[in-house]
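Understanding the architecture of this molecule
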Amino acid sequence: MYTNSNQNIPSDDTDKIAEKVKNLSEEFRKSKQFIEPNMDCCLIMNESIYNNIKIANPRATKHDIILAAEKAKVLDFAWEFPKGLDTLISTGKPLSTLQQQQIQLAREFLRTFS
């Protein structure tokens, strides 16, 4: 028997609970509300912010890239740079982890609606 500080759960029930959690996780993953994490998460190239987003879909239009950037809130920080989306990302101008994640999210949006 597994003993939790709040309750006792018979060990044979833990397998049933684990199976239910697994099934729920699979259903959630299959739903359109979930974006599967990608192994290239937060991989930032020594390119412009614009090109870092465009890498998700090289055939995307400028309009699509800007929409993806807007939806992922990349524009909130990109306009703080003098060149906006054309700002070159390099080790000299490091982005915060949040900004890198926002670029990655913009890539995911671009993949899904392009």
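Since the model is a prediction, treat every value here as computed from it, not as a measurement.

On to a nonpolar patch on the surface. A cluster of nonpolar residues, L43, M45 and I55, forms a patch on the protein surface that exposes about 250 Å² of accessible area. Note that L43 resides in the loop between α1 (11–30) and α2 (49–54). Judged by relative accessible area, L43 falls into the partly exposed class, the value being 45%.

Our next topic: the nonpolar core. Counting 20 residues, the largest nonpolar core has I49, I53, V74, L85, I103 and L110 as the members making the most contacts within it. If you list the elements that add at least two residues to this core, you get α2, α3 (62–71), α4 (74–78) and α5 (97–113). Leave out the neighbours within four places in its chain, and L85 touches S48, I49, Y50, I66, A69, V74, L75, A78 and W79.

Turning next to the packing of aromatic side chains. Under the counting rule described, the total for this entry stands at one aromatic pair. Aromatic pair F77 and F81: ring centres 6.5 Å apart, planes at 90 degrees, arrangement edge-to-face. With a relative accessible area of 22%, F81 lands in the partly exposed category. Between the NZ or CZ atom of K71 and the centre of the ring of F109, over which it lies, the distance is 4.7 Å.

Attention now moves to the side chain of Q102. Among the secondary structure elements, Q102 is positioned in helix α5. Not counting residues up to four positions away in its chain, the partners in contact with Q102 are A72, K73, V74 and F77.

With that out of the way, let us pick up the confidence of the model for the chain. Close inspection of predicted coordinates is inappropriate for parts of the model with low pLDDT. Looking at the chain as a whole, its pLDDT mean stands at 78, while 62% of the residues score no less than 70. Mean pLDDT in the chain bottoms out at strand β1 (residues 2–3), which sits at 45, and peaks at α3, which reaches 96. Low pLDDT, under 50, characterises residues 32–40; the stretch is placed with 13 contacts to residues that sit more than four places away or in other chains.

A separate point is α5. For α5, with 17 residues, the first-to-last C-alpha span of 25 Å sits near the 24 Å given by 1.5 Å per residue. Every buried residue of α5 is listed here: Q99, Q102, I103, Q104, A106, R107, E108, F109 and L110.

Phi at K73 is positive, roughly 70 degrees, even though this residue is not glycine. By secondary structure assignment, the location of K73 is in the loop between α3 and α4. A relative accessible area of 47% places K73 in the partly exposed class.

Now for α3. Taken as a whole, α3 has its buried residues at D64, I65, A68 and A69. End-on, the buried residues of α3 take up no more than an arc of 135 degrees, which puts them together on one face. Facing away from the buried side of α3 by over 90 degrees, the exposed positions are K62, H63 and K71. Looking at the buried residues of α3, the elements they touch are α2, α4 and α5. Backbone geometry just downstream of α3 places K73 in the positive-phi region, at approximately 70 degrees.

The rules behind each value
Residues numbered from 1 in each chain as written. Predicted model: local features only at pLDDT ≥ 70, side-chain atom pairs only at ≥ 80, totals over all residues. Heavy atoms only, no water. Patch = residues over 30% accessible without salt bridge, like charges linked within 9 Å, V, L, I, M, F, W, Y side chains within 5 Å. Areas by Shrake-Rupley, 256 points an atom, 1.4 Å probe, with all protein chains shown as cover. Salt bridge = Lys/Arg side-chain N within 4 Å of Asp/Glu carboxyl O. Helix = DSSP H or I, 4+ residues; strand = E, 2+ residues; numbered from the N terminus. Buried < 20%, exposed > 50% of the residue type's maximum accessible area, 1.4 Å probe, protein only. Core = buried A, V, L, I, M, F, W, Y, C linked by side-chain atoms within 4.5 Å. Contact = heavy atoms within 4.5 Å. Phe/Tyr/Trp six-rings, centres within 6.5 Å; stacked < 30°, edge-to-face > 60°. Lys NZ or Arg CZ within 6 Å of the ring centre and 35° of its normal. pLDDT = per-residue confidence, 0-100. Expected span 1.5 Å × (residues − 1). Arc of directions from axis to C-beta.

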